[in-house]
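Geometric and topological summary
Okay, here's what each chain looks like letter by letter:
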Amino acid sequence: MSRLYVVTGAASGIGAATCVLLRERGEKVIGVDIHNTDINVDLSTVQGRKEGVEAVIKKSKGKIDAIIACAGLATPSPKTVSVNYFGVKEFVEGLLPTLSGSKNPRVAITSSMASLMPNSPELVNAMLADDEASALTIAQGLCAEGDEKAALIYGSTKRALGRWIRRECIKPKWAGAGIPLNAVGPGIVETPMVADMIATEEARSAIDAMVPMPLNHYLKAVQVAYLLAWLTSKENTHTTGQTIYIDGGSDAALRGDNIWD
Ligand SMILES: NC(=O)c1ccc[n+]([C@@H]2O[C@H](COP(=O)([O-])OP(=O)(O)OC[C@H]3O[C@@H](n4cnc5c(N)ncnc54)[C@H](O)[C@@H]3O)[C@@H](O)[C@H]2O)c1
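This report concerns the structure included in the present document. (Residues numbered from 1 in each chain as written. Predicted model: local features only at pLDDT ≥ 70, side-chain atom pairs only at ≥ 80, totals over all residues. Heavy atoms only, no water.)

Quick notes on the pattern of salt bridges
Tallied over the full model, the rule gives 12 salt bridges. The salt bridge involving E54 is made with K50; its shortest N-O contact spans 3.8 Å. In this pair, E54 and K50 both sit in helix α2 (residues 46–60), four residues apart, roughly one turn of the helix. The exposure class of K50 is partly exposed, given its relative accessible area of 47%. The network of salt bridges with shared partners includes R49, E90 and E132. (Salt bridge = Lys/Arg side-chain N within 4 Å of Asp/Glu carboxyl O. Helix = DSSP H or I, 4+ residues; strand = E, 2+ residues; numbered from the N terminus. Buried < 20%, exposed > 50% of the residue type's maximum accessible area, 1.4 Å probe, protein only.)

Digging into the site of the ligand
Taken together, 30 residues surround the ligand, and among them S12, I14, D33, Y154 and T191 come closest. Within the backbone of I34, one N or O atom sits 3.3 Å away from a nitrogen atom of the ligand. Within the backbone of C70, a nitrogen or oxygen atom sits 3.2 Å from an oxygen atom of the ligand. Burial of the ligand by the protein chains amounts to 93% of its free accessible area of 820 Å². Of all the secondary-structure elements, those providing two or more residues to the shell around the ligand are α1 (13–24) and α7 (152–169). Considered class by class, the residues forming the shell around the ligand number 16 nonpolar, 11 polar and three charged. (Near = heavy atom within 4 Å. Polar contact = N/O pair within 3.5 Å; in protein donor to acceptor, adjacent residues only side chain to side chain. Areas by Shrake-Rupley, 256 points an atom, 1.4 Å probe, with all protein chains shown as cover. Nonpolar A, V, L, I, M, F, W, Y, C, P; charged D, E, K, R; others polar.)

See the structure below:
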């Protein structure tokens, strides 16, 4: 029996590769993106998220098996906060009731190894407090302070996602309803998002110093899709609350062995 997946960010990169992989495996997929897929909505806005949820409910007749949230931005801008955190959280929460009819409901989110990078605690806290207006004001303030501060925005969105997942996953509406909720944390993946960052020898040296990937270097999008597919498969019965780094060893290289204190 095939399962019905909803995949955001379906028009490009990791989301697109995930749609292809799932369809090759005989699963059904509803793609969501701002353009070029089954449901075209802007997840940076409250209205777009609402329209997206309603369109999925209509198309799926109210029953899906899994959500894989890949839509994201990496620009040092307030919009990245809206898409990467609120655009994921509100969309996933809006679709939670549609998972209740599935025998094996699952959710996986694309975070990043950047969740381990320096961030703005104030911005992370505003996201976790579910205060989009304050989070956008803080992000605007970081942008006004220059490139170095603005660069904290992306990692902050991914840190907040990882923390939200850990808080949520053990609640009755997730664990109690049999729904594993996890994230993947990729290193550098060869997609349009990072094309400029790895276009030249000089750019690659800079990124490799920041994100060392001693195991097999950069990823192809499908390699992240394999992990997303497993996390949202029937086979994943007990892994929840995790950000699983798929990063060629960058987490181990940067944080070392003593991460349990
Ligand atoms: N590429 C990498 O190196 C890398 C590394 C770690 C994490 N990630 C994460 O993986 C996810 C996918 O990124 P990718 O590399 O495939 O990038 P990508 O740019 O190829 O794809 C991102 C997709 O998100 C969609 N999107 C952006 N804003 C949207 C909006 N407002 N509403 C709806 N859809 C929107 C885009 O249209 C695009 O199709 C992102 O969350 C990104 O942060 C990427």
